Amino acid sequence: MSRFWSQVARDLTPYVPGEQPKIANLIKLNTNENPFPPSPKVLAAIQAELGDDAARLRLYPDPNADLLKAAVAKRHAVTAQQVFVGNGSDEVLAHVFLALLKHDAPILFPDITYSFYPVYCGLYGVEFRTVPLADDFSINPADYCTPRALPAGRGQPEKSSKIGGIIFPNPNAPTGRVLALEAVEQILKANPDTVVVVDEAYIDFGGETTIPLVERYDNLLVVHTLSKSRSLAGMRVGFAVGHPALIEALERVKNSFNSYPLDRLAIVGAVAAIEDEAYFEQTCRAVIATRETLSADLAALGFDVLPSTANFIFARHPQRDAVELAKALRERSIIVRHFKLPRIDQFLRITVGTDGECKALTDALREITA
Ligand SMILES: *Cc1c(COP(=O)(O)O)cnc(C)c1O
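Residues numbered from 1 in each chain as written. Predicted model: local features only at pLDDT ≥ 70, side-chain atom pairs only at ≥ 80, totals over all residues. Heavy atoms only, no water.

**Student:** Residue-level account of the site of the ligand, with values.
**Tutor:** If you check the shell around the ligand, you find G88, S89, D90, L93, Y114, D199, A201, Y202, T225, S227, K228 and R236 and nothing else. D199 is positioned such that a nitrogen or oxygen atom in its side chain is 2.7 Å from a nitrogen atom of the ligand. The side chain of K228 places a nitrogen or oxygen atom 3.0 Å from an oxygen atom of the ligand. Considering the ligand on its own, with 390 Å² of exposed area, one finds that the protein chains cover 92% of that surface. Considering every element that reaches the shell around the ligand, the biggest residue donor is helix α4 (residues 88-101), with 4 residues. (Near = heavy atom within 4 Å. Polar contact = N/O pair within 3.5 Å; in protein donor to acceptor, adjacent residues only side chain to side chain. Areas by Shrake-Rupley, 256 points an atom, 1.4 Å probe, with all protein chains shown as cover. Helix = DSSP H or I, 4+ residues; strand = E, 2+ residues; numbered from the N terminus.)

**Student:** Run through the sheet that holds strand β12 (residues 348-351), naming residues and quoting values.
**Tutor:** Here 3 strands make up an open sheet; going across it, the order is β9-β10-β12 and the pairing antiparallel. At either margin of the open sheet sits one strand with a lone partner, and together these are β9 (304-305) and β12. The pairing of strand β10 (residues 312-316) with β12 spans 4 bridges and is antiparallel. Note on β12: the bridge partner recorded for F314 is R349. (Pairing = 2+ DSSP bridges.)

**Student:** A description of the domain arrangement of the chain should follow, citing residues and the corresponding values.
**Tutor:** In terms of domains, the chain is made up of domain 1 (7-39 + 278-369) and domain 2 (40-275). Domain 1 and domain 2 are separated by 23 Å when their C-alpha centres are compared. Each side of the interface is counted separately: domain 1 has 32 residues, and domain 2 has 37 residues. Counting each side, the surface lost to burial between domain 1 and domain 2 is near 2700 Å², with a carbon and sulfur contribution of 65%. (Domains from an automatic or database assignment. Contact = heavy atoms within 4.5 Å. Buried area = accessible area lost by both parts, 1.4 Å probe.)

**Student:** Break down the sheet that holds strand β8 (residues 238-242) for me, citing the residues and quoting the values.
**Tutor:** Reading across the sheet, the 7 strands line up as β2-β8-β7-β6-β5-β3-β4 and stay open at both edges, with mixed pairing between neighbours. Each edge of the sheet is formed by a strand with only one pairing partner; in this case those strands are β2 (83-86) and β4 (128-131). Sheet twist, expressed as the mean angle between neighbouring strand axes with direction ignored, is 20 degrees. Helix α3 (residues 66-76) rests against β2, β7 (220-225) and β8 of the sheet, and its axis sits at about 130 degrees to β2. (Axes fitted to C-alpha atoms, helices over the stretch in contact; angles between N-to-C directions.)

**Student:** Run through a nonpolar patch on the surface, naming residues and quoting values.
**Tutor:** Together, M1, F4 and W5 make up an exposed nonpolar region whose accessible area comes to about 420 Å². For F4, the location among the structural elements is in the segment before α1 (7-11). (Patch = residues over 30% accessible without salt bridge, like charges linked within 9 Å, V, L, I, M, F, W, Y side chains within 5 Å. Salt bridge = Lys/Arg side-chain N within 4 Å of Asp/Glu carboxyl O.)

**Student:** Break down the side chain of S308 for me, with residues and values.
**Tutor:** By secondary structure assignment, the location of S308 is in the loop between β9 and β10. Judged by its relative accessible area of 11%, S308 falls in the buried class. The residues touching S308, leaving out its near neighbours within four places in the chain, are G176, R291, E292 and I313. (Buried < 20%, exposed > 50% of the residue type's maximum accessible area, 1.4 Å probe, protein only.)

**Student:** Which residues make up the pattern of salt bridges, and what values do they have?
**Tutor:** Scanning all chains against the criterion turns up 16 salt bridges. When the shortest N-O distance is used, the salt bridge between E49 and R264 registers 3.0 Å. Of this pair, E49 sits in helix α2 (residues 40-50) while R264 sits in helix α8 (residues 264-275), and the two are 215 residues apart along the sequence. Take E49 and R264: they sit in the same class, and that class is buried. We note a salt bridge from R316 to D304, for which the minimum N-O separation is 3.5 Å.

Here it is, written out as structure tokens:
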């Protein structure tokens, strides 16, 4: 804190991402990165864009990233006018909060969910209410269907039935539990005058995307990232698909913030990743297969493992303290994520790594829990 800080800077509670330690030979299972490298076509596209002397880097990139919008549109059978792209889906989400979720009524999201949502609410002054997950950590769609009274907010006992917006990840993070398409549709139908944002960061690992529903629901916005299923967390590319009117609001905010959120290399690299469908399917299948083995192995070690449709699993040991487990793993150079939050402070979130990394993890846990 310093006297130079604005009131806004003083009042912020920033998001704390999982650590990126600068230690070699670490088994890093803490931030849901993909264990496989990106498609080899990504490197080829970046090299082609660079050329021999990188002369193109002299020039600004396409502010609208039209090539990328066209690739997303083709892949998901929508029009380019239904696509918004940004510097990671975190940036897309930030614009969503300002452009589509900031109204004079609180927005709803689950009590256990992506912890960036309340941070954006703080940054943009968006009021929110959290909706408790069921005891089995699933989202109950009926809880998001109007006109049920909203749960009371902190310091706000008054209940109102007006909803400013709805956002949830599907599959949810950090639980990994997925909602079926029909359940998402139930929420969309019940809230025709409310934007419903479905953050599908992990949908490619076994869930069913809601993107086809954008044709029928003008209140639906679906957000995707290339960080997880396309192995490009280091490149920062995300996108949203929805009715052109929703996209236009996002463009207005984006063009009031940064004209060029995606650089030249990111645009061509992302296009190549999206076009390499065979590599994408192969790596997603491999992650899913490893996830199933890892879930079974952890269950055999006595862990309660939530059913996961993501590239991570969420598990707790009935007799072992989660913080102690994470500490013991770290001493063996394996890092996983622990959230010091109500209801989930005895869980560990474990990213699905390679088969070898997951075996090292289960071997370590067998030793630790013996
Ligand atoms: C990883 C993640 C994101 C952010 O992805 P980036 O594109 O890397 O910014 C967004 N939402 C959820 C739920 C995530 O887990």
